[in-house]
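# Observations on chain architecture
In case you want the letters, here they are:
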Amino acid sequence: MRAGSGSSPMTERYTAEDIVVLSGLEAVRKSPWMYIGSVSAAGAHQLLHELVHNSVDEALAGFCTKVVVTLGPDFCSVEDDGRGIPTETHPTEGISACEVVLTKLHSGSKFTRSPDRFSSGLHGVGLSCVNALSQWLKVDIWRGGNAYEQSYKRGAPDMPLKTLGAAAGQGTRIAFWPDLGIFKTFSGFLQDDCGRFLEELSFLIPGVEFVLVVEPEHASISFKTGAGIAGLHPRLNPKARPLFADLLKVRASDETLSFQAVLQWTAERESTISSYVNCVNTVHGGTHVSAFRAGLTRAIDRIMAETGKRGGPDDHIEVDEATEGLTAVLDLKLVHPNFEGQTKSRLTNADISETIENAAADQILDALRKNPRIAAVVTDKILQVRSARIAARRAAEKIYFQQADWRVNEEVYKEQFGARSKNWHESAVWITDKELLKAHADMCKQGKDALALDVCCGSGVVGASFKGRVKKVTGLDLTPEMVGLAKTRLDEVRQGNVYNIPFQNDTFDLVCTREVLHLLPYPERPVSEIFRVLKPGGQFIVGQILPFGEDDAAWMYRVFKKKQPLIFNMFQEEDFRRMLAGGGFVDLEMKEMNVWESIDVWIDSYETTALARHEIRQLFAHAPAEAKAIHPFKISPTGEISDLWRWCIFSVRKPL
Amino acid sequence: MSKKPASAEKDAARELERSRTFENLRAAFSEEASLVFRYLYYATLADFEGMDRHASLFKDIAEGGDAHVQGCFDFLKLARDPESGIAVGGTLKNIESLIQTETKQHSQTYPEMAKTAREEGFTDVASWFDTLEKAKRSHARRLRQLSDD
């Protein structure tokens, strides 16, 4: 067993005296969700996971080589070839140690903190908790040359532990069925879920065989691999394009822990780190993940300095820069893990940090030094991340600087939208939403021979939606890349600035623009430019995302500004009406249309830093009640966010 | 002691109100209140950096700050609400105090701040103040509605 190969001596002694009793079981049946998270079908699966983890603990301790899970129509069993649960009479309880483990909460050898090296069970409430919540449970034990059995109903023993006589071998088999009075929606264990769970474990404990048997067909599937966590890595983010082929590896061990990690950088923005402590998935990370990230950042900082890619001695790389696009699996085996809460989603042991951080820093640095090609692609990626970050941060500053003489720095916009032009149509749902485009076009009241101008046209989709309704659509955009894109859709495209539209007075019958004015400081200036190039009686159609009201605007302002630092106005409906009227326009009409937008897609963007993405997710997770009351959004159980955007499409006219 | 207890209390309140200590309590109240939110802001950043122990200490201290802020107000309220100048009393009276502050913010404070920001070229900050102004207007309206019911 690799996990057990540390230096502390392992004892074979595992007897009744090692089982410590802390309390009883009634509480579990009264409030099951406190112990297993929920009483849904997922909660019932948690029972099975607890049993399997009990066997996994034996495997981690080096005493078990095979775990068999059998799913029947009305039973489920977990069998291992470990040492067998102790059957001797408990020194203080006067019943068999096995019965103590199955009936007393917080009992189990984990609390003695001696014989079992690494263990994962539910803080020691594991087996008794499963028993308490089972309609029936039957345990078979092979130990010390004998076979034993005992059965329970809803946690209470039918009889004392019974010796069946001499038998060869060792191990434990526990069969059970969840109490349907508690798990009211449970209708059987899902084969796929169980299979995935066992396969994951087989990667985390290489060499141990995990078998899933389905009855009555007696179909069986076996998971056993020597691949280790490298086998888990490809599942992290299968769509991501890796920057190099081979995984980098980190290993560390001392008397209390054994740590390993595999890692790779991808072309993605998000970092995906999957972490396990004693085979339990720590979905919220914890000290082991923080230490690893810190060590990795140190290595990157060093290699950037060594290869001359760091600005100066004080220009250190930040954690979120170093980990952008990182995919990693972390596997920690630890003697005394401490977790936050019963669900064990976050590790809190602080004393492990130094070992893990140093190992990650030294070994990753070493690997990068030995593989200059890998070092080059990784450091180039980080340079890219840095420059995007700096551009995002400076965007606003540059504009402020330029404000002094009332000009706008075109370069900032060119840089940003030029970079986004590569996947412009994939960068948000609204850009190509057909109904939204049609809603703009439907506002058109011009004749077939009208001349139209699409201002800040981007890829030209808005202007193109007017095709067939007017004679000619011209586009205007600041960014050469966007001009190139728009040329495929519009009759003519010019490169130019909306603060100084390169056309004569009274040229067009129709001007349209969409979701642009909020990006421009002093938006009344482009509005008056649009007024100027329109013929008298000409029409201006403008679409804009607006808050639902006064009470979601401050929250939306923060969300939008974090996504896009170039936002200068969070218009509300009254502001927008006032601005158009102030520009001399008349006959205002407005149409509203709500469109769902994927926030995950929207924030996966060049100008949005990793920190800003994190903050945006937090803003949705903790949205104020007054905003939620008027602004619908959805967060899926897996964390994807959909936000309802209120599009307001205005039509105004230049007076005759 | 010839004074009635009620007027003795009034005298004490008047004395507190005129004191430098009242101004100090007011300053402590604002500083402690703003410190709570600085802690919470930094905790979010620490969370992002994976600095768990920092984040959790920041949050713990912010939580404790609640007592520090409210404790200052325990004394201030003996005299009056330091922002509105209205005595702290029953909810129907307190709502007046809140309406007064929200109204002042949306009719005076934020419009002036937005104007300055525009003059200085910080148009996004100006838009932020506009947004706050409208939020305050909404708050004042909702409070008034409740108080009229």
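A quick note: this is a predicted structure, and the numbers were derived from the prediction, not measured.

## Considering the nonpolar core
Residues and elements named next belong to chain A. The biggest cluster of nonpolar side chains holds 82 residues, and the ones touching the most others in it are Leu453, Phe466, Val511, Phe540, Trp555 and Phe560. In terms of residue count, strand β24 (residues 641-653) provides more of this core than any other element does, seven residues in total. Among all residues touching valine 511, those that are not within four sequence positions of it are Leu453, Val455, Ile530, Val533, Leu534, Gln539, Phe540 and Ile541. Counting residues in each nonpolar core, the second largest holds 59 residues, with Val28, Leu102, Trp177 and Ile182 among its members.

## Examining the pairing of strand β1 (residues 66-71) of chain A
Each regular strand displays side chains that alternate between the two surfaces of the sheet. Residue and element names in this part refer to chain A. Of all six residues in β1, five are buried; the element is thus mostly enclosed. Of the pairings in the sheet, the one linking β1 to strand β8 (residues 209-214) comprises six bridges and is parallel in character. In the sheet register, lysine 66 faces β8, and the bridge partner there is glutamate 209. Strand direction decides the pairing type here: β1 and strand β2 (residues 76-80), joined by five bridges, are antiparallel. Paired with valine 69 across the two strands is valine 78, which belongs to β2. Counted along the chain from β1 to the antiparallel partner β2, the turn is four residues long.

## What to know about the packing of helix α19 (residues 610-621) of chain A against helix α2 (residues 20-49) of chain B
Geometry of a packed helix pair, given as the angle between the helix axes and the separation of the axes. α2 of chain B packs onto α19 of chain A with a crossing angle of 120° between their chain directions and a minimal axis gap of 10 Å. When the axes of α19 of chain A and α2 of chain B are compared, the pair comes out oblique. Viewed along their axes, α19 of chain A and α2 of chain B form a crossing whose handedness is right-handed. Note on element contacts: α2 of chain B touches α19 of chain A through Tyr41, Thr44, Leu45, Asp47 and Phe48 of chain B, opposite Ala610, Leu611, His614 and Glu615 of chain A. Counted by class, the contact of α19 of chain A with α2 of chain B contains five nonpolar, two polar and two charged residues.

## A short note on unusual backbone geometry
Residue and element names in this part refer to chain A. A cis amide bond links glutamate 215 with the next residue in sequence, proline 216, at an omega value of 0°. Within the secondary structure, proline 216 sits in the loop between β8 and β9 (219-223). Backbone geometry at glutamate 515 places phi at a positive 45°, although glycine is not the residue there. Note that glutamate 515 resides in the loop between β20 (508-514) and α15 (524-533).

## Concerning the pattern of salt bridges
Considering all chains together, one arrives at 52 salt bridges over all chains under this definition. In this structure, aspartate 301 of chain A and arginine 310 of chain A form a salt bridge, with 2.8 Å as the shortest nitrogen-oxygen distance. Exposure remark for aspartate 301 of chain A: the relative accessible area of 12% places this residue in the buried category. Overall, arginine 310 of chain A belongs to the buried group, its relative accessible area being 18%. The closest approach of N and O atoms between aspartate 315 of chain A and arginine 386 of chain A, which form a salt bridge, is 2.9 Å. Remark: arginine 386 of chain A occurs in helix α10 (residues 372-403) and aspartate 315 of chain A occurs in the loop between α7 (287-306) and α8 (319-322); sequence separation between them is 71 residues. The structure contains a network of salt bridges with shared partners spanning Glu550, Glu574, Asp575 and Arg578 of chain A together with Lys134, Arg137 and Arg141 of chain B.

## As for the interface of chain B and chain A
With 25 residues of chain B at the interface, the matching set in chain A holds 31 residues. Between chain B and chain A, roughly 2400 Å² of surface is buried when both sides are summed, and carbon and sulfur atoms account for 50% of that area. On the chain B side of the contact with chain A, Phe48, Asp124 and Lys134 of chain B bury the most area, a combined 27% of that side's loss. At the junction of chain B with chain A, the criterion picks out eight salt bridges. With a closest N to O distance of 2.6 Å, arginine 141 of chain B and glutamate 550 of chain A form a salt bridge. Linking chain B with chain A are 14 residue pairs in polar contact (both at pLDDT 80 or more), by the criterion used here. Sorting the residues of the side of chain B that touches chain A by element identifies α2, α3 (52-79) and α5 (123-148) of chain B as the ones contributing at least two each. Per-element accounting of the side of chain B that touches chain A gives the leading share, 13 residues, to α5 of chain B.

## What to know about the state of the cysteines
All names here are of chain A. Applying the stated criterion to the full structure yields zero disulfides over all chains. Take cysteine 444: it sits in no disulfide, and the sulfur closest to it among the cysteines is that of cysteine 512, at 9.2 Å. Since its relative accessible area comes to 14%, cysteine 444 is described here as buried. No disulfide involves cysteine 456; its sulfur sits 8.0 Å from that of cysteine 457, the nearest cysteine. For cysteine 456, a relative accessible area of 26% corresponds to the partly exposed category.

## Section: the confidence of the model for chain B
On average, residues of chain B score 90 in pLDDT, and 96% of them are at 70 or above. Prediction confidence for the complex, expressed as pTM and ipTM, is 0.64 and 0.84 respectively.

## Remarks on the side chain of serine 134 of chain A
Mapped onto the secondary structure, serine 134 of chain A falls in strand β3 (residues 134-143). Residues in contact with serine 134 of chain A, not counting those within four places in the same chain, are Lys153, Arg154, Gly155, Phe176, Trp177, Pro178 and Asp179 of chain A.

## What to know about the environment of leucine 180 of chain A
All names here are of chain A. As for its placement among the helices and strands, leucine 180 is situated in the loop between β7 (171-178) and α6 (191-204). Relative accessible area serves as the criterion here: at 39%, leucine 180 is assigned to the partly exposed category. Each C-alpha atom, one on leucine 180 and one on valine 39, is 9.8 Å from the other, the two residues being 141 residues apart in sequence. Not counting the four nearest positions on each side in its chain, leucine 180 is found in contact with Gln135 and Phe186.

What counts, and where the lines are drawn
Residues numbered from 1 in each chain as written. Chains lettered and ligands numbered in written order. Predicted model: local features only at pLDDT ≥ 70, side-chain atom pairs only at ≥ 80, totals over all residues. Heavy atoms only, no water. Core = buried A, V, L, I, M, F, W, Y, C linked by side-chain atoms within 4.5 Å. Buried < 20%, exposed > 50% of the residue type's maximum accessible area, 1.4 Å probe, protein only. Helix = DSSP H or I, 4+ residues; strand = E, 2+ residues; numbered from the N terminus. Contact = heavy atoms within 4.5 Å. Pairing = 2+ DSSP bridges. Axes fitted to C-alpha atoms, helices over the stretch in contact; angles between N-to-C directions. Parallel < 35°, antiparallel > 145°, perpendicular 65-115°, else oblique. Left-handed = near helix turned anticlockwise from the far one by under 90°. Nonpolar A, V, L, I, M, F, W, Y, C, P; charged D, E, K, R; others polar. Salt bridge = Lys/Arg side-chain N within 4 Å of Asp/Glu carboxyl O. Buried area = accessible area lost by both parts, 1.4 Å probe. Polar contact = N/O pair within 3.5 Å; in protein donor to acceptor, adjacent residues only side chain to side chain. Disulfide = S-S within 2.5 Å. pLDDT = per-residue confidence, 0-100.

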